[in-house]
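Letter by letter, the chains look like this.
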Amino acid sequence: MNNSDQTRVQNVSLPPDKVMHKLVSLAKRRGFIFPSSEIYGGLSSCFDYGPLGSEMKKNIKELWWNSMTRRHANIVGIDASIMMNPTVWEASGHVASFNDPMIDDRTTKRRYRADHLIENHIEKLRRDGKTDHAEAVQSAYEAVAGAPDSNRALYDLITGEAIKAPDTGSGDWTEVRQFNLMFQCNMGAVADTSGIVYLRPETAQGIFVNFHNVREASRMKVPFGIAQIGKAFRNEIVKGNFIFRMVEFEQMEMQYFVKPGSQIEAFEAWREERFNWYVTELGITQEKLHWYKHDKLAHYADLAYDIKFEFPFGTEEIEGIHSRTDFDLSQHQQYSGKNMEYIDQTTNERYIPYVVETSSGCDRLFLALLSDAYNEDVVDGEPRVMLKLSPKVAPVKAAVLPLVKKGEMGEKAELFRSELSTAFMVQYDDAASIGKRYRRQDEIGTPFCFTVDHQTLEDQTVTVRYRDSATQERIDMSRAKEFLATKIV
Ligand code: ATP
């Protein structure tokens, strides 16, 4: 690489509140994400992934899938049906209690999650150093949250603490009400309650109900895991922040079945592995990732942590890691009447395995990657927008740019593109000046640009330009595939 070129790039710092606006516009303009059914005015919290977005999402899913199933001999994958026998959701507890407590502001007509208002209030008290007050609110909250008659108590806590809406400062509150987040559909010709099915609100249950099928078919012995990527649906009342909270989204979940008593050790190992995955495999800035330990546990969990990411709009969850005890398998045993025990062939012990779950949201991760990568700088005095994506995640790995589009040079470049495309997603671009073409690729995060020029015709070399440093070097065309393979590992 030409070191004298190192000073060509000057960084520009950008206020976080501007980043979201710029990201949404770039995502649409360059074909990462479009609003769903846009020509009809769209649909709240639904989005479509465009040509580059679907490519990048596929990369993320493939990296996750390989990190689970290929790297672990004792983890296998499944792809379960979205619709399941409705009793599944009674057994899992979703019919009775997959509710969010909502509260409305009469003046602004805005709707909020009552639990989020209180949690944010506690965090603010802690930030302001009012620790005793924060602890008092925390314990009052823990005492009421999840209780069957919690609505009144949550309302009293919100009004008693004079909690205001974070965005408007208003606090003209209605009562708290519970909303079930599952979407209902009718299956069959008759639209009565006997045909009610649900769109799954999580992928995990498809794994639990297949525990014995997978164990037997793949001859798995505890400890082992089942991984799955798939759509989940939640009728989220509070939406917003682009693809952060959607009603239809994709989860990447893995349930790890262990012997009771060994769950904490497994939990800690997965906690470490999952955090490292974001940093080493995806190249996310480590300082923007944070652990959050749940003080208030779901009734079935004995330990739970979230991995949170510093989005431009705040630090929010991208993955949950939960020690779920034997709750799910026991519930399915009770509701289905089928034995969910595991028999250890060597010791003859029988038990219902405990489960450690890693549950990551593909769309939230996509947004985390985009916002982490968004970069504005100045190259040779010219401002540019660049997505500093890891080459593994970037939708296009390399661009082939002929200096002159016609004649021998264009033909050679096209052949070169076709050769590279057998192994990598590459783009060919012969329109506009070379500088403009570099900028187009920088903006979508393409890590390498190969330029075919006059010298190429003489000695079969091309220039390779590095996105981040904007520096160039010459390599043999015959080495280009190997070059990309070594850079994208
Ligand atoms: P939140 O508290 O933000 O609603 P959650 O705790 O309900 O999230 P989980 O049930 O643990 O989320 O789901 C696991 C992962 O699925 C989350 O970490 C997130 O990445 C993703 N996820 C959950 N709900 C949504 C949603 N509405 N839109 C996009 N991704 C989601």
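From a predicted model like this one, the values you see are computed outputs, not experimental measurements.

**As for the pattern of salt bridges**
1) Next: Summed over the entire model, instances satisfying the criterion amount to 39 salt bridges.
2) Next: With a shortest N-O distance of 3.2 Å, Arg113 and Asp100 are connected by a salt bridge. A residue pair is termed long-range when its members are at least 10 positions apart, and Arg113 in strand S6 (residues 111–113) and Asp100 in strand S5 (residues 99–105) qualify at 13 residues. Asp100 shares its class with Arg113; the two are buried.
3) Next: Of the charged contacts in the structure, one is a salt bridge between Glu349 and Lys259, with a shortest N-O distance of 3.1 Å. With Glu349 in the loop between strand S15 (342–343) and strand S16 (350–351) and Lys259 in the loop between strand S11 (248–258) and helix H10 (263–281), the pair connects residues that are 90 residues apart, well separated along the chain.
4) Next: What makes Glu349 partly exposed here is its relative accessible area of 31%.
5) Next: Among the ionic contacts, a cluster of salt bridges with common partners joins Lys57, Lys61, Glu250 and Asp363.

**Observations regarding unusual backbone geometry**
1) Next: The linkage connecting Val222 with the following residue, Pro223, adopts the cis geometry, with an omega of 5°.
2) Next: Mapped onto the elements, Pro223 comes out in the loop between helix H9 (211–218) and strand S10 (224–233).
3) Next: In this model, Ser37 sits at a positive phi of 40°, which is unusual for a non-glycine residue.
4) Next: With respect to the element layout, Ser37 can be found in the loop between strand S2 (33–35) and strand S3 (47–49).

**Focus: the layout of surface pockets**
1) Next: The volume enclosed by the second largest pocket comes to roughly 400 Å³.
2) Next: Elements with a contribution of two residues or more to the lining of the second largest pocket: helix H2 (51–70) and helix H16 (480–487).
3) Next: For the lining of the second largest pocket, the leading source of residues is H2, giving seven residues.
4) Next: Its residues assigned to classes, the lining of the second largest pocket shows eight nonpolar, three polar and seven charged.
5) Next: Inspection of the lining of the second largest pocket shows a minimum of three residues originating in each of domain 1 (16–94 + 184–371) and domain 3 (396–487).

**Let's talk about the nonpolar core**
1) Next: Within the largest apolar cluster, 60 residues are counted, with the highest numbers of intra-cluster contacts made by Phe32, Met56, Tyr278, Leu282, Leu365, Phe366 and Leu369.
2) Next: With eight residues, helix H12 (residues 362–373) is the largest single contributor of residues to this core.
3) Next: Among the nonpolar cores identified, the runner-up in size contains 20 residues, and Met409, Phe448, Val462 and Tyr466 belong to it.

**Notes on the site of the ligand**
1) Next: Around the ligand, a shell composed of 15 residues is seen, among which Glu236, Arg245, Met246, Glu317 and Ile318 lie nearest.
2) Next: Between the ligand and Gly361, the relevant distance is 3.1 Å, taken from an oxygen atom to a main-chain nitrogen or oxygen of the residue.
3) Next: At 3.0 Å from an oxygen atom of the ligand is found a side-chain nitrogen or oxygen belonging to Arg364.
4) Next: About the coverage of the ligand: the protein hides 85% of its 590 Å² of free accessible area.
5) Next: Only S11, strand S14 (314–323) and strand S17 (354–361) provide two or more residues apiece to the shell around the ligand.
6) Next: At five residues, the largest contribution of residues to the shell around the ligand is made by S14.

**Describing the domain arrangement of the protein chain**
Where interface size is given, it is often the accessible area lost as the parts come together that is meant.
1) Next: Partitioning the protein chain into domains gives domain 1 (16–94 + 184–371), domain 2 (100–180) and domain 3 (396–487).
2) Next: Between the C-alpha centres of domain 1 and domain 3 there is a distance of 38 Å.
3) Next: Listed per partner, the contact involves seven residues of domain 1 and seven residues of domain 3.
4) Next: When residues of domain 1 are sorted by the area they lose upon contact with domain 3, Arg30, Leu52 and Glu55 head the list and together hold 63% of the total.
5) Next: Taken together, domain 1 and domain 3 are joined by two salt bridges.
6) Next: With a closest N to O distance of 2.9 Å, Glu443 and Arg30 form a salt bridge.
7) Next: For the pair domain 1 and domain 3, the number of links is three residue pairs in polar contact (both at pLDDT 80 or more).
8) Next: Elements with a contribution of two residues or more to the side of domain 1 that touches domain 3: helix H1 (16–29) and H2.
9) Next: Of the residues belonging to the side of domain 1 that touches domain 3, the class tally is three nonpolar, one polar and three charged.

**Observations concerning the packing of aromatic side chains**
1) Next: Applying the stated criterion across every chain, the model contains 23 aromatic pairs.
2) Next: Measuring from ring centre to ring centre gives 5.7 Å for Trp291 and Tyr305, while their planes differ by 85°; the resulting arrangement is edge-to-face. Of this pair, Trp291 sits in strand S12 (residues 289–293) while Tyr305 sits in strand S13 (residues 303–311), placing them 14 residues apart in sequence.
3) Next: Looking at Trp291, the relative accessible area reads 33%, which means it is partly exposed.
4) Next: Its relative accessible area of 13% is what places Tyr305 among the buried residues.
5) Next: Pairing Tyr342 with Tyr351 gives two aromatic rings, centres 5.6 Å apart and planes at 50°, and the pair type is tilted. Both residues of the pair, Tyr342 and Tyr351, belong to the buried class.

**Details of the environment of Ser371**
1) Next: By the secondary structure assignment, Ser371 is in helix H12.
2) Next: When near neighbours in sequence (up to four residues on either side) are disregarded, Ser371 contacts Leu23, Lys288, Phe309, Phe311 and Pro312.

**Comments concerning helix H13 (residues 407–420)**
1) Next: The terminal C-alpha atoms of H13 lie 20 Å apart, and with 14 residues this matches the ideal 20 Å at 1.5 Å per residue to within 8%.
2) Next: Looking only at H13, the buried set comprises Met409, Gly410, Ala413, Phe416 and Leu420. All buried residues of H13 lie within an arc of 125° about the axis, which places them on one face of the element. Of the exposed residues in H13, those oriented more than 90 degrees away from the buried face are Glu408, Glu411 and Leu415.
3) Next: Tucked inside the fold, the buried residues of H13 contact strand S20 (398–402), strand S21 (426–428), strand S22 (448–452), helix H15 (454–459), strand S23 (461–466) and H16.

Conventions and cut-offs
Residues numbered from 1 in each chain as written. Predicted model: local features only at pLDDT ≥ 70, side-chain atom pairs only at ≥ 80, totals over all residues. Heavy atoms only, no water. Salt bridge = Lys/Arg side-chain N within 4 Å of Asp/Glu carboxyl O. Helix = DSSP H or I, 4+ residues; strand = E, 2+ residues; numbered from the N terminus. Buried < 20%, exposed > 50% of the residue type's maximum accessible area, 1.4 Å probe, protein only. 1 Å grid on protein atoms, 1.4 Å probe; cavity = no way out; pocket = protein on both sides within 12 Å on 5 of 7 lines; lining within 4 Å. Points joined across faces, edges and corners; volume = space filled by probe spheres on them. Nonpolar A, V, L, I, M, F, W, Y, C, P; charged D, E, K, R; others polar. Domains from an automatic or database assignment. Core = buried A, V, L, I, M, F, W, Y, C linked by side-chain atoms within 4.5 Å. Near = heavy atom within 4 Å. Polar contact = N/O pair within 3.5 Å; in protein donor to acceptor, adjacent residues only side chain to side chain. Areas by Shrake-Rupley, 256 points an atom, 1.4 Å probe, with all protein chains shown as cover. Contact = heavy atoms within 4.5 Å. Buried area = accessible area lost by both parts, 1.4 Å probe. Phe/Tyr/Trp six-rings, centres within 6.5 Å; stacked < 30°, edge-to-face > 60°. Expected span 1.5 Å × (residues − 1). Arc of directions from axis to C-beta.

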